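# Notes for the structure review
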Amino acid sequence: MKYFYKVLHLFFPKICITCNTQLLTFEKLICTQCRHDLPIICYKNYKDNKIKSAFLGRIPIEKANSFLSYRKIGKAKKIIHSLKYKGHQEVGTHIGEWFGSILKKSNEFHEINHIIPVPLHRKKLKKRGFNQLTTFGQSLASQLNTNYTPNLLIRTSVSKTQTFKQRFERFSNSETTFRLMDTQLFKNQHVLLIDDVMTTGATLEACCKELLKTKNIKISIVTMAYTE
Ligand SMILES: [Zn+2]
């Protein structure tokens, strides 16, 4: 039993993940003060929806939204880092439940058939041990009453010759390619593509281009954070 609690403590630290102060018994992961100070975006209308505008003229997107505003320093970064680099996967569950309940109330994402995470390359997945979007995607799916479908869109590397050619285009994400393993399953379906942080949207755009190979697919996008 003692071992059980030790393990439990490992996964559910009793300190706030953003400010490191001791949590009170009723607080979970993020202290009350930090919760109030979180830079929550949750776009409520199209006019101010910066993600939707960012994809305008690039790819057809149905709906888009993001939970937090991401800056170089700040609480959003600490939250994402604790999930991604410290292995606190329960953070994904928590944010998924929180954001998912808001999206559910907005009624804008009630027609989603599948939630698809931006995939990690298998080498990176092996190194990290998990995709940071798994718990987030699962709890979003549960809130929106839909399927979490993680294994059909995969990330691959381009060949060495191509990599050499594209070395100077490194920042445009051109070394990465995505492949959809089944172009039938999402036919006539509305999929929700999810990612942790959106900056330029290049990765999401590359994923969408691959998904758009499916006939009559509709794509929406949700990210945990957005670099405004
Ligand atoms: Zn705090």
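Structural notes, computed from the coordinates. (Residues numbered from 1 in each chain as written. Predicted model: local features only at pLDDT ≥ 70, side-chain atom pairs only at ≥ 80, totals over all residues. Heavy atoms only, no water.)

Helix and strand counts for the protein chain stand at 9 helices and 7 strands. Looking at the protein chain as a whole, 47% of its 228 residues qualify as buried. Considering only residue pairs separated by 6 or more positions, the protein chain has 74% of its internal contacts joining residues 24 or more positions apart. Taken as a whole, the protein chain presents about 13,100 Å² of accessible surface, with 54% of it coming from carbon and sulfur. (Helix = DSSP H or I, 4+ residues; strand = E, 2+ residues; numbered from the N terminus. Buried < 20%, exposed > 50% of the residue type's maximum accessible area, 1.4 Å probe, protein only. Contact = heavy atoms within 4.5 Å. Areas by Shrake-Rupley, 256 points an atom, 1.4 Å probe, with all protein chains shown as cover.)

Here the structure, examined in full by the defined rule, presents 2 aromatic pairs. Here the aromatic rings of Phe-67 and Trp-98 are separated by 5.2 Å at their centres, their planes lie at 65°, and the arrangement is edge-to-face. With Phe-67 in strand 1 (residues 64-69) and Trp-98 in helix 5 (residues 90-106), this residue pair connects regions lying 31 residues apart in the sequence. Judged by relative accessible area, Phe-67 falls into the buried class, the value being 0%. (Phe/Tyr/Trp six-rings, centres within 6.5 Å; stacked < 30°, edge-to-face > 60°.)

Looking now at the environment of Cys-31. Secondary-structure assignment places Cys-31 in the loop between helix 1 (2-11) and helix 2 (32-37). A residue is classified by how much of its surface remains accessible, and Cys-31, at 6% relative accessible area, is buried. Spatially, the C-alpha atom of Cys-31 lies 9.0 Å from that of Asn-20, the residues being 11 residues apart in sequence. Setting aside its immediate chain neighbours within four residues, Cys-31 contacts Cys-16, Cys-19, Thr-21 and Leu-23.

This part takes up helix 9 (residues 202-211). Most of helix 9 is tucked away: 7 of the 10 residues are buried. Taken as a whole, helix 9 has its buried residues at Thr-203, Leu-204, Glu-205, Cys-207, Cys-208, Glu-210 and Leu-211. Along its buried surface, helix 9 packs onto helix 3 (50-55), strand 2 (114-117), strand 4 (153-157), strand 5 (176-180), strand 6 (190-198) and strand 7 (218-226).

In this structure, Asn-107 sits in the loop between helix 5 and strand 2. Judged by relative accessible area, which is 48%, Asn-107 ranks as partly exposed. Each C-alpha atom, one on Asn-107 and one on Leu-144, is 9.4 Å from the other, the two residues being 37 residues apart in sequence.

Looking at the zinc ion, one finds its protein donor set to be Cys-16 (SG), Cys-19 (SG), Cys-31 (SG) and Cys-34 (SG), positioned 2.3 Å from the metal centre. Classification of the site at the zinc ion rests on its 4 donor atoms, whose angles at the metal span 103 to 115°, yielding the label tetrahedral. Read in sequence order, the donor residues for the zinc ion give the motif C-x2-C-x11-C-x2-C. Of this pair, Cys-16 sits in the loop between helix 1 and helix 2 while Cys-34 sits in helix 2, and the two are 18 residues apart along the sequence. A relative accessible area of 2% places Cys-34 in the buried class. (Donors = N, O, S within 2.8 Å, 3.2 Å for Na, K, Ca; no water. Tetrahedral: all angles 85-135°; square planar, octahedral: opposite > 155°, others 65-115°.)

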